[in-house]
Amino acid sequence: MTLRKKTLILLGTALITLIVVLYIISKTVFLKSYASLEEQDTRDNVQLVLKTLSANISAQDSKTGDWANWDDTYDFIANKNREYIRTNLPDKAFSELKINLMLFIHSSGRVVFSKAFDLQNQREIPVPQSMQKHLSPDSLLLRHPDTISGHSGILLLPEGPMIITSRPILTSEGKGPARGTLIFGRYLDDTEIREMTEDIHY
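The structure displayed is predicted, hence computed values, not measured ones.

Caption draft 1: The arrangement of the nonpolar core in detail. Counting 19 residues, the largest nonpolar core has Trp67, Phe76, Leu89, Met102, Phe104, Leu182 and Phe184 as the members making the most contacts within it. Secondary structure elements with two or more residues in this core: α1 (3–68), α2 (71–79), α3 (82–88), α4 (91–97), β1 (101–106), β2 (111–118) and β6 (180–187). With sequence-adjacent residues up to four places away left out, phenylalanine 76 is seen in contact with Asn81, Tyr84, Ile85, Phe104, Val112 and Phe113.

So this is what it looks like as structure tokens:
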């Protein structure tokens with residue numbers, strides 16, 4: 001074998017080795033960078049979804065507070081006025097409030113009024129039986145130590161996760177003693193999730 005051929009083989013081998021080494025290094029660096037970017041992007045999206053979900057819970061909590069701090073509701077929980085039900089609790093109210101569930105609980109623990117509504121099909125539905133265990137006397141949803149108390153979050157029911165908000169029933173001036181608890185619920189279903197993702201363009 002001539003010196004020229006030996007030199008060419010040597011150079012070829014060195015070049016191939018260099019290319020392989022560069023490929024391995026670049027692949028490792030790029031994959032690591034891509035994975036890091038993907039992880040950060042996922043983290044940002046999760047934070048955005050959580051922020052949107054938190055805003056939805058806060059909005060529902062505000063509506064619950066408006067209804068709970070109202071003389072009409074304060075009187076209703078004591079006398080179960082049929083006019084209050086006719087005027088304030090038709091199907092239309094659920095559509096406007098965008099909620100699936102309303103529970104008016106007397107301070108004694110007695111359910112004064114309950115109603116569930118299917119927002120998608122626009123019809124009244126049975127109140128989920130699984131809610132009953134969350135209405136026991138020692139339930140957090142019914143415990144309001146003061147007039148500014150409130151509970152909100154996501155309740156995992158067999159029927160599906162539900163955004164739940166609970167406020168003490170007070171006068172329009174926000175004074176007590178509290179006569180009971182008002183609970184609003186909204187299923188975190190496919191429709192709700194789709195609306196959330198459309199809001200954040202994701």
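Caption draft 2: Molecular detail of the pairing of β6. Of all 8 residues in β6, 8 are buried, a share of seventy percent or more. Residues Gly180, Leu182, Phe184 and Arg186 of β6 are buried on one face, and the alternating residues Thr181, Ile183, Gly185 and Tyr187, pointing to the opposite face, are buried as well. Bridge count between β1 and β6: 6 bridges; the pairing is antiparallel. When the bridges of β6 are listed, methionine 102 appears paired with phenylalanine 184. Relative to β6, strand β5 (residues 160–168) runs antiparallel, the two sharing 7 bridges. Within β6, the residue paired with isoleucine 163 across the bridge is arginine 186.

Caption draft 3: Examining a nonpolar patch on the surface more closely. Residues Ile16, Val20, Tyr23 and Ile24 make up a contiguous nonpolar surface patch of roughly 410 Å² in combined accessible area. Position of isoleucine 16 relative to the elements: it lies in helix α1.

Caption draft 4: Up close: the layout of surface pockets. Size it by volume and the largest pocket reaches roughly 300 Å³. Around the largest pocket, the lining comprises 14 residues; the ones closest to its centre are Asn100, Leu119, Gln120, Asp189 and Thr191. When residues of the lining of the largest pocket are traced back to their parent elements, those giving at least two are β2, β6 and α5 (190–199). Broken down by element, the lining of the largest pocket gets its largest block of residues, 3 residues, from α5. Size it by volume and the second largest pocket reaches roughly 160 Å³.

Caption draft 5: Spatial organisation of unusual backbone geometry. The omega angle of the peptide bond from glycine 176 to proline 177 is 10 degrees, so this bond is cis rather than trans. Relative to the elements of secondary structure, proline 177 occurs in the loop between β5 and β6. Non-glycine residue lysine 80 carries a positive phi angle of around 50 degrees. Along the chain, lysine 80 falls in the loop between α2 and α3. In this model, glutamine 122 sits at a positive phi of 55 degrees, which is unusual for a non-glycine residue. The residue glutamine 122 is located in the loop between β2 and β3 (123–125) in this model. For glutamine 122, a relative accessible area of 45% puts it in the partly exposed group.

Rules used in this analysis
- Residues numbered from 1 in each chain as written.
- Predicted model: local features only at pLDDT ≥ 70, side-chain atom pairs only at ≥ 80, totals over all residues.
- Heavy atoms only, no water.
- Core = buried A, V, L, I, M, F, W, Y, C linked by side-chain atoms within 4.5 Å.
- Buried < 20%, exposed > 50% of the residue type's maximum accessible area, 1.4 Å probe, protein only.
- Helix = DSSP H or I, 4+ residues; strand = E, 2+ residues; numbered from the N terminus.
- Contact = heavy atoms within 4.5 Å.
- Pairing = 2+ DSSP bridges.
- Patch = residues over 30% accessible without salt bridge, like charges linked within 9 Å, V, L, I, M, F, W, Y side chains within 5 Å.
- Areas by Shrake-Rupley, 256 points an atom, 1.4 Å probe, with all protein chains shown as cover.
- Salt bridge = Lys/Arg side-chain N within 4 Å of Asp/Glu carboxyl O.
- 1 Å grid on protein atoms, 1.4 Å probe; cavity = no way out; pocket = protein on both sides within 12 Å on 5 of 7 lines; lining within 4 Å.
- Points joined across faces, edges and corners; volume = space filled by probe spheres on them.

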